[in-house]
Amino acid sequence: MKFIVSSSQLLKQLQVLGGVINNSNTLPILDNFLFELNQNELKISASDLETTMSTTISVESDSEGSAAISARLLLDTLKTFPNQPLTFKTEDNTIEISSSQGKYDMAYFDGSEFPKAVSIESPSSTIIPGAILATAISKTIFAAGNDDLRPVMSGVFFQFATDSLTFVATDAHKLVKYARTDVVANEAAEFIMPKKPLNLLKSILGSSDSDVTIEYNDANAKFTFDNVVLVCRLIDGKYPNYEAVIPKENPNKLTVDRGTFLNSVKRVSIFSSKTTHQIRLKMAGTELNISAEDVDYSNKAEERLVCEYQGDDLQIGFNSRFLSEMLSNLTSNEILIEMSLPNRAGILTPIDGVEEGEYITMLVMPVMLNS
């Protein structure tokens, strides 16, 4: 097996694939990249058994073969090269890399030992523009949980219908629902995607303007775009009925400038209790009062903002970390917060800055106020 490839092109692809590899693998072979050469086409794969990702690049070659090469060693070596052609050649048990500076030998494993990616039996498929999928992931993934005891909540729920696509994430304290009516599926389907492959997709799709083909069945999903294929195992289980927790009757409506509100929440929260992160919102007329207190250390802060408010005078407590996370993930200038009672969830929606056919609903659970 012998091929010539550009060092910077190879490094760029390997850095993307490197995100798949775990720091500690049960199988030593998974610490490697799988190189599969077929004439002038080189396919490189990485896997952690749950997620397998591969990418294809053009190289100069007229041979075929496969080899599994140490990911860490290869990445560390490539990072030090200026852009130049590198020649890879297998000899006995080692692979020799030749550059304009010198030669480097590293051991490799037989490519046939590398686990094969799952083939998806009788899949359904949907095509989504890459930019829309990247936005859907980044708008929801931060709200997914980390609780191993509730694995279904540790991923993002994909709900495809013939009139819309919906993406939902929740950890029981906060919930985000991102819907598009300008993209639809051929048939209804729903599945739960784990965080790791979504984070990988988000980082690559950010710079891609191509369409993504998603194929899925009950157990696995496959994402194909440009020269990348990602196959992952889905989270098994039934997603909670998220519609049931979104309160429908919310007579108290607060409209406020998102940037000003976010900065106030960040500032005031510095003075809040380090265990509850609780801040208090007090609304009356056209004034919003934001306050926090840490009784243990006698720290206290209060700010007043001008707002538009319709409804009864209301005091409600929120976890400032959840609130600022949500505000940071919106891009609108103004937001609407709808509330009913101090013990019912608040709903945040952007007033402007959304595309046609794009709907974002964020829900945050209140914390009990110490009167």
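Since this is a predicted model, take the numbers as computed values, not measurements.

Undergrad: Tell me about the packing of helix α5 (residues 258-269) against helix α6 (residues 320-328), and please be specific about residues and values.
TA: For the pair α5 and α6, the least separation of the axes is 10 Å and the interaxial angle reads 155 degrees. It follows from the interaxial angle that α5 and α6 lie roughly antiparallel. Relative to α6, the crossing made by α5 is left-handed. Seen from α5, the contacting residues are R258, F261, L262, V265, K266 and S269; seen from α6, they are S320, L323, S324, L327 and S328.

Undergrad: Can you explain the pairing of strand β10 (residues 155-160)? Please cite residues and give values.
TA: β10 sits mainly inside the fold: 5 of its 6 residues count as buried. Strand direction decides the pairing type here: β10 and strand β13 (residues 189-194), joined by 6 bridges, are antiparallel. Looking at β13, one finds that Q159 is bridged to E190. The pairing of β10 with strand β11 (residues 165-170) spans 4 bridges and is classified as antiparallel.

Undergrad: Can you tell me about the nonpolar core, naming the residues and giving the values?
TA: If you look at the biggest cluster of nonpolar residues, it comprises 99 residues, and the most contacted ones within it are F33, F35 and F261. Not counting residues up to four positions away in its chain, the partners in contact with F261 are V256, L281, L288, I290, L305, L323, L327, I335 and I337. Core analysis: the second largest hydrophobic core is formed by 13 residues, M153, Y239, A345 and I347 among them.

Undergrad: Account for the packing of aromatic side chains, naming residues and giving values.
TA: Tallied over the entire structure, the rule returns 14 aromatic pairs. Ring geometry for F160 and F167: centres 6.4 Å apart, planes at 75 degrees, overall edge-to-face. Residue F160 shares its accessibility class with F167, and that shared class is buried. Here the aromatic residues F158, F160, F167, Y178, F191 and Y216 are joined through ring pairs into a cluster of three or more.

Undergrad: Describe the packing of helix α1 (residues 7-18) against helix α2 (residues 71-78), with residues and values.
TA: In contact at an axis separation of 10 Å, α1 and α2 are set at 135 degrees when each is read in the N-to-C sense. Classified by the angle their axes make, α1 and α2 are oblique. As for the relative orientation of α1 and α2, their crossing is left-handed in sense. Contact residues: α1 offers S7, L10, L11, L14 and Q15, while α2 offers L74, L75 and L78. Each residue belonging to the contact of α1 with α2 can be placed in one class, and the counts come to 6 nonpolar, 2 polar and no charged.

Undergrad: So what's going on with the pairing of strand β4 (residues 51-58)? Residues and values would help.
TA: With 6 of its 8 residues buried, β4 lies for the most part within the structure. Judged from the 7 bridges that link them, strand β3 (residues 41-47) and β4 form a sheet pairing that is antiparallel. In the strand pairing of β4, S47 is matched with T52. Examined bridge by bridge, β4 and strand β16 (residues 228-233) share 5 bridges and lie antiparallel to one another. Looking across to β16, one finds that T51 is bridged to C232.

Undergrad: How would you explain the environment of M326 if you had to name every residue and give the values?
TA: Of note, M326 is situated in helix α6. A C-alpha to C-alpha distance of 8.3 Å links M326 and L348, two positions 22 residues apart in sequence. In this structure M326 touches F142, K174, L175, L348, M362, L363 and V364, once residues within four positions along its chain are discounted.

Undergrad: Could you give an account of the sheet that holds strand β24 (residues 346-350), with specific residues and numbers?
TA: What holds strands together in a sheet is hydrogen bonding between their backbones, with the strands either parallel or antiparallel. Across the sheet, 9 strands lie side by side as β13-β10-β11-β12-β25-β24-β23-β17-β21; this open sheet has antiparallel pairing. Either end of the sheet is taken by a strand with one partner, and the two such strands are β13 and β21 (308-310). Direction aside, the axes of adjacent strands within the sheet are offset by 15 degrees on average. Inspection of the sheet shows β24 paired to strand β25 (residues 358-364) by 3 bridges, in the antiparallel sense. Directly across from L348, in β25, lies its bridge partner M362. Here helix α4 (residues 195-205) sits on the sheet and contacts β10 and β13; the angle it forms with β13, its principal contact strand, is near 85 degrees.

Cut-off values and rules
- Residues numbered from 1 in each chain as written.
- Predicted model: local features only at pLDDT ≥ 70, side-chain atom pairs only at ≥ 80, totals over all residues.
- Heavy atoms only, no water.
- Axes fitted to C-alpha atoms, helices over the stretch in contact; angles between N-to-C directions.
- Helix = DSSP H or I, 4+ residues; strand = E, 2+ residues; numbered from the N terminus.
- Parallel < 35°, antiparallel > 145°, perpendicular 65-115°, else oblique.
- Left-handed = near helix turned anticlockwise from the far one by under 90°.
- Contact = heavy atoms within 4.5 Å.
- Buried < 20%, exposed > 50% of the residue type's maximum accessible area, 1.4 Å probe, protein only.
- Pairing = 2+ DSSP bridges.
- Core = buried A, V, L, I, M, F, W, Y, C linked by side-chain atoms within 4.5 Å.
- Phe/Tyr/Trp six-rings, centres within 6.5 Å; stacked < 30°, edge-to-face > 60°.
- Nonpolar A, V, L, I, M, F, W, Y, C, P; charged D, E, K, R; others polar.

That is the geometry; function is a separate question.
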